[in-house]
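Understanding the architecture of this molecule
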Amino acid sequence: MKKVLMLAAIAALAFTGAAKAEGDPVKGEAVFKKCKACHQVGPDAKNGVGPMQNGIVGRAAGSVPDFKYSTALTEAGAKGLIWDEANLDKYLADPRGFLPGNKMAFVGLKKEDERANVIAYLKTLK
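Along each chain, the written sequence defines residue order, and numbers are assigned to residues from 1. For this predicted model, a pLDDT threshold of at least 70 governs which residues receive local features, and a threshold of 80 or more governs which side-chain atom pairs are given and counted, while totals over whole chains, interfaces and linings are taken from all residues. No hydrogens and no water enter the side-chain calculation; it runs on all heavy atoms of the structure.

1. Points about the packing of aromatic side chains
Quick reminder of the rule: Any two rings among Phe, Tyr and Trp, with Trp reduced to its six-membered ring, count as a pair given centres within 6.5 Å; such a pair is stacked if its planes are under 30 degrees apart, edge-to-face if over 60, and tilted if neither. Helical segments are the DSSP runs of H or I of at least four residues, strand segments are the runs of E of at least two, and each set is numbered from the N terminus. A 1.4 Å probe rolled over the protein chains alone gives each residue an accessible area, and that area as a share of the maximum for its type sets the label: buried under 20%, exposed over 50%, partly exposed in between.
Applying the stated criterion across every chain yields a total of five aromatic pairs. The interplanar angle of 55° and the centroid separation of 5.6 Å between the aromatic rings of phenylalanine 32 and tyrosine 121 together place this pair among those described as tilted. Separated by 89 residues along the polypeptide, phenylalanine 32 in the loop between helix H2 (25-31) and helix H3 (71-78) and tyrosine 121 in helix H6 (residues 112-123) bring together distant segments of the chain. Given the relative accessible area of 8%, tyrosine 121 is considered buried. Members of the aromatic cluster, joined through ring pairs, are Trp83, Tyr91 and Phe98.

2. Thoughts on the environment of glycine 23
Stated precisely, the cut-off is as follows: We call two residues contacting when some pair of their heavy atoms lies within 4.5 Å.
In this structure, glycine 23 sits in the loop between helix H1 (2-18) and H2. Along the backbone, glycine 23 and asparagine 117 are 94 residues apart, and their C-alpha atoms lie at a distance of 4.1 Å. Ignoring sequence-local partners within four residues, the contact set of glycine 23 consists of Ala116, Asn117 and Ala120.

3. Some points on the pattern of salt bridges
Stated formally: In the sections that follow, a salt bridge refers to a side-chain nitrogen of Lys or Arg positioned within 4 Å of a carboxyl oxygen of Asp or Glu.
The final tally for this structure, using the stated rule, is three salt bridges. The partner of lysine 34 in a salt bridge is glutamate 114, and the shortest N-O contact between them spans 3.3 Å. In this pair, lysine 34 is assigned in the loop between H2 and H3 and glutamate 114 in helix H6, connecting sequence segments 80 residues apart. Its relative accessible area of 46% is what places lysine 34 among the partly exposed residues. Taking the relative accessible area as the measure of exposure, glutamate 114 reaches 16% and is therefore buried. In this structure, arginine 115 engages aspartate 89 in a salt bridge whose closest nitrogen and oxygen atoms are separated by 2.7 Å. Of this pair, arginine 115 sits in helix H6 while aspartate 89 sits in helix H4 (residues 85-93); the two residues are 26 residues apart in sequence, bridging distant segments of the chain. Both residues of the pair, arginine 115 and aspartate 89, belong to the buried class.

4. Considering H6
The criterion, for reference: Expected helix span is given by 1.5 Å per residue-to-residue step, counting one fewer step than there are residues.
Taking 1.5 Å per residue, 12 residues should reach 16 Å; H6 reaches 17 Å between its end C-alpha atoms and fits that length. Within H6, burial applies to Glu114, Arg115, Asn117, Val118, Ile119, Ala120, Tyr121 and Leu122. Packing partners of the buried residues in H6 comprise H2 and H4.

5. Here we look at the nonpolar core
As a reminder of what qualifies: To form a nonpolar core, buried Ala, Val, Leu, Ile, Met, Phe, Trp, Tyr and Cys residues must be joined to one another through side-chain atoms within 4.5 Å.
Of all hydrophobic cores here, the largest spans 27 residues; its most connected members are Phe32, Trp83, Leu99, Val118 and Leu122. Of all the secondary-structure elements, those providing two or more residues to this core are H3, H4 and H6. Top contributing element to this core by residue count: H6, with four residues. Sequence-distant contacts of leucine 122, defined by excluding residues within four places in its chain, comprise Phe32, Gln53, Ile56 and Val57.

6. Considerations on the environment of aspartate 66
Tracing the backbone through its elements, the reader meets aspartate 66 in the loop between H2 and H3. Under the relative-accessibility criterion, aspartate 66 is labelled exposed at 79%.

So yeah, pure geometry; function would need other evidence.
Laid out in structure tokens, this is it:
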């Protein structure tokens, strides 16, 4: 009986540690201000230094029309890289480490809660 309880406790800790908190899109909009120098969002969004970000969650990497991506990003998209929440989290934490050879000069968002909030915000943009 003790072994069963111990295993259940370990499983519960592992599960809660692995689960990421849902982000707050309102806070994410504020954090996204760091991104606005290069990326636009919203109904009138256009490509700029970086591609517009409407609909990024669930989209294939390197697929925004009329944006000149790096070869690394275009090839990653052709090989099946999808900007799901997990990949966005890794990319936003360390863009060059996640995808060497990409053009994004931003050093990344080091705080997990900031990344979760930005991703929650991006999910609201269709």
